[in-house]
Amino acid sequence: MKGYSLLKTACQWLLPFVLLYGFYIVLNGDMSPGGGFQGGVVFASCYLMLYFIKDEKTIRFKEILTIDKWLFFLLIGVGLVHLIGGQWLLTSLPDHWRRLAPELILVLLNLIVGANVTLAFWSILLIFTEEGELK
Amino acid sequence: MKEVDPLTRHSILKNSLLIGAFIILLNDFAKALQNMPEYPSAAMNHLLTRAVPETGALNLLNAISMHYRFLDVLFTLIILFLAAAGVLFMGKKDQDMR
């Protein structure tokens, strides 16, 4: 990646803002336009920026697939807890928590979905960047 | 009098025909909008009145995708995971064969 210093510097400046924006989209998905999928795709663009900045392989896809697999179990677990214990959660909690609980579950689901989408897109981008490396 | 290039004349004719067709389409679309029958609104009314207390989400799209239709999201993610795994598998296989 020699001779691409403009791209490199611009990515270095943009990367923290893009990360912050992705977090904003995921965390505010239940109140404003956005959500897990959209924020996850914003995060996925961060991988390309990292690749432009530092031309070294920092992520191994075996780890990505392992984390993705466990996130699936987490997603199914949270969904089942929501499905089975949702009513119990809503009736047994104290008053101020009862109002917050559905929203918190949505935020948690958004976060897990965002992480899933991010890892899936990272693994696709990883194999593309490995196939045709910029010289 | 200056002779007009036949190609230019052809393109002018074609463009004016296109613009005419577009105007006719817009006119018909406006007519169709005026005569539109009332849309069934049971689901819309349910979402507008009950979605916020049921799910706690102000964003109705997120309320639908994360609460009412959560299984759709789950299977979408499974398909995305399978696609990523397939791409990785094929890439690894190509590298091994080389």
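This text goes with the structure placed above it.
Because the structure is predicted, anything quoted here is derived from the model rather than measured.

Draft legend 1. Summary view of the overall build of chain A. Check the secondary structure of chain A and you find four helices and zero strands. Listing each helix as α and each strand as β along chain A from the N terminus yields α-α-α-α. Taking the principal axes of its C-alpha atoms as reference, chain A extends roughly 60 × 30 × 20 Å. Expressed as a percentage of its 135 residues, the buried residues of chain A come to 41%.

Draft legend 2. Structural context of the interface of chain B and chain A. Counting residues at the interface gives 24 residues for chain B, matched by 32 residues for chain A. The tally of links from chain B across to chain A stands at five residue pairs in polar contact (both at pLDDT 80 or more). At the level of secondary structure, the elements contributing two or more residues to the side of chain B that touches chain A comprise helix H2 (42–55), helix H3 (60–68) and helix H4 (70–97) of chain B. For the side of chain B that touches chain A, the element with the most residues is H4 of chain B, which contributes 14 residues. Classifying every residue of the side of chain B that touches chain A gives 13 nonpolar, eight polar and three charged.

Draft legend 3. Geometry of a nonpolar patch on the surface. On the surface, Ile76, Leu80, Leu83 and Ile84 of chain A cluster together to form a nonpolar patch covering roughly 430 Å² of accessible area. With respect to the helices, strands and loops of the structure, isoleucine 76 of chain A is situated in helix H3 (residues 61–92).

Draft legend 4. Spotlight on the environment of leucine 88 of chain B. Within the secondary structure, leucine 88 of chain B is located in helix H4. Other than its neighbours up to four places away in sequence, leucine 88 of chain B contacts Phe61, Leu65, Ser123 and Ile127 of chain A.

Definitions and limits used
Residues numbered from 1 in each chain as written. Chains lettered and ligands numbered in written order. Predicted model: local features only at pLDDT ≥ 70, side-chain atom pairs only at ≥ 80, totals over all residues. Heavy atoms only, no water. Helix = DSSP H or I, 4+ residues; strand = E, 2+ residues; numbered from the N terminus. Buried < 20%, exposed > 50% of the residue type's maximum accessible area, 1.4 Å probe, protein only. Contact = heavy atoms within 4.5 Å. Polar contact = N/O pair within 3.5 Å; in protein donor to acceptor, adjacent residues only side chain to side chain. Nonpolar A, V, L, I, M, F, W, Y, C, P; charged D, E, K, R; others polar. Patch = residues over 30% accessible without salt bridge, like charges linked within 9 Å, V, L, I, M, F, W, Y side chains within 5 Å. Areas by Shrake-Rupley, 256 points an atom, 1.4 Å probe, with all protein chains shown as cover. Salt bridge = Lys/Arg side-chain N within 4 Å of Asp/Glu carboxyl O.

Keep in mind these values describe shape, not function.
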